[in-house]
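Chain by chain, the residues run as shown.
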Amino acid sequence: MLTLLSGQVAPQRRVVHAGDVIYQAGERFSHLYAVNSGFFKIVNLTVDGRVQVVSLKFRGDWLGFDGIADGCYVCDAVAMDTSEIWGFRYEGLLAACVEKPMLLTVLHEAMSREIAHDRDSLMSVCTLPADARVAEFLRQWVLSLENSGMRTDEIKLRMTRAEIGNYLGMTLETVSRALSRLAREKLISFAQKGRREVRIPDANALSAFVQRCIAPAPSLMQ
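Residues numbered from 1 in each chain as written. Predicted model: local features only at pLDDT ≥ 70, side-chain atom pairs only at ≥ 80, totals over all residues. Heavy atoms only, no water.

## Topic: the packing of aromatic side chains
Phase 1 of the analysis: Within this structure, the stated rule accounts for 11 aromatic pairs.
Phase 2 of the analysis: For the ring pair F29 and Y73, a centre distance of 5.4 Å and an interplane angle of 70° mean the geometry is edge-to-face. Highlighted residues: F29 in the loop between β2 (21-23) and β3 (31-37) and Y73 in the loop between β6 (62-63) and β7 (76-79), separated in sequence by 44 residues.
Phase 3 of the analysis: On the accessibility criterion, F29 (10% relative accessible area) is buried.
Phase 4 of the analysis: The class of Y73 is buried, set by a relative accessible area of 2%.
Phase 5 of the analysis: For the ring pair F58 and W141, a centre distance of 5.1 Å and an interplane angle of 85° mean the geometry is edge-to-face. Taken as a pair, F58 in the loop between β5 (51-57) and β6 and W141 in helix α4 (residues 130-147) lie far apart in primary sequence, 83 residues in all.
Phase 6 of the analysis: Here F58 falls in the buried class, since its relative accessible area comes to 7%.
Phase 7 of the analysis: Through successive ring pairs, a cluster of aromatic residues spans Y23, F29, Y33, Y73 and Y90. (Phe/Tyr/Trp six-rings, centres within 6.5 Å; stacked < 30°, edge-to-face > 60°. Helix = DSSP H or I, 4+ residues; strand = E, 2+ residues; numbered from the N terminus. Buried < 20%, exposed > 50% of the residue type's maximum accessible area, 1.4 Å probe, protein only.)

Spelled out as structure tokens, the structure:
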């Protein structure tokens with residue numbers, strides 16, 4: 001996809017580091033950004049002044065769709081690791097889409113995937129119990145790495161447990177308890193105590209765990 005776009009619209013390639021801000025809420029919208037490598041978080045400032053992690057972005061994802069409607073970005077986009085983004089001026093993209101309608105299909109597909117992912121994330125937060133929510137979070141992280149062609153049996157979480165709780169609508173303590181249960185179930189293990197490196201031998205086992213958590217309890221025969 002990026003190869004197709006870069007052949008029509010010259011991207012502004014940029015290497016960023018953990019903590020770098022790509023754009024901020026309220027900033028005038030001008031570019032869309034494609035993640036070529038690395039990890040990003042999309043954060044929003046709530047009305048009571050808290051920072052809320054609302055989305056995570058991996059290779060192949062896009063940043064900035066929230067700015068199209070009103071002409072300014074709604075959230076902040078922050079790098080979580082050394083990463084590379086490709087910036088495309090929006091006006092240039094629209095002009096290229098007129099000449100190459102296939103590009104418009106590419107953008108629409110990216111928007112559709114983002115809507116679907118945000119819907120799934122919201123459903124997870126609203127419907128899953130705490131342990132299953134953390135298991136699903138890890139499973140989705142693994143899938144994103146797999147889609148990027150990266151190693152998935154041992155991952156490094158780019159978020160603190162507090163940030164994971166913020167994203168999943170849980171307290172730090174609840175996240176820690178959920179991770180401990182997943183470790184007891186031998187679904188995950190830690191390279192070293194207190195570190196962010198997590199071994200995940202089988203992502204399918206995480207999926208099965210989630211299904212067990214949400215399966216209705218068998219009724220007792222009278």
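## So, the sheet that holds strand β1 (residues 12-16)
Phase 1 of the analysis: Taken in spatial order, the four strands make up an open sheet running β1-β8-β3-β6, and their pairing is antiparallel. Whereas interior strands pair on both sides, the edge strands pair on one side only; in this sheet they are β1 and β6.
Phase 2 of the analysis: Bridging between β3 and β6 involves two bridges; their strand directions are antiparallel. From the neighbouring strand, A34 faces β6, where its bridge partner is W62.
Phase 3 of the analysis: Packing of helix α2 (residues 90-99) onto the sheet brings it into contact with β3, β6 and β8 (83-89), and relative to β8 it is tilted by some 65°. (Pairing = 2+ DSSP bridges. Contact = heavy atoms within 4.5 Å. Axes fitted to C-alpha atoms, helices over the stretch in contact; angles between N-to-C directions.)

## Notes on the side chain of K41
Phase 1 of the analysis: With respect to the helices and strands, the residue K41 is situated in strand β4 (residues 40-45).
Phase 2 of the analysis: Here E163 takes part through its side chain, which lies 2.6 Å from a polar atom of the side chain of K41.
Phase 3 of the analysis: In this view, K41 contacts V53, S55, L56, D76, A77, V78, M80 and E163; residues no more than four positions away in its chain are not counted. (Polar contact = N/O pair within 3.5 Å; in protein donor to acceptor, adjacent residues only side chain to side chain.)

On their own, these measurements won't tell you what the molecule is for.
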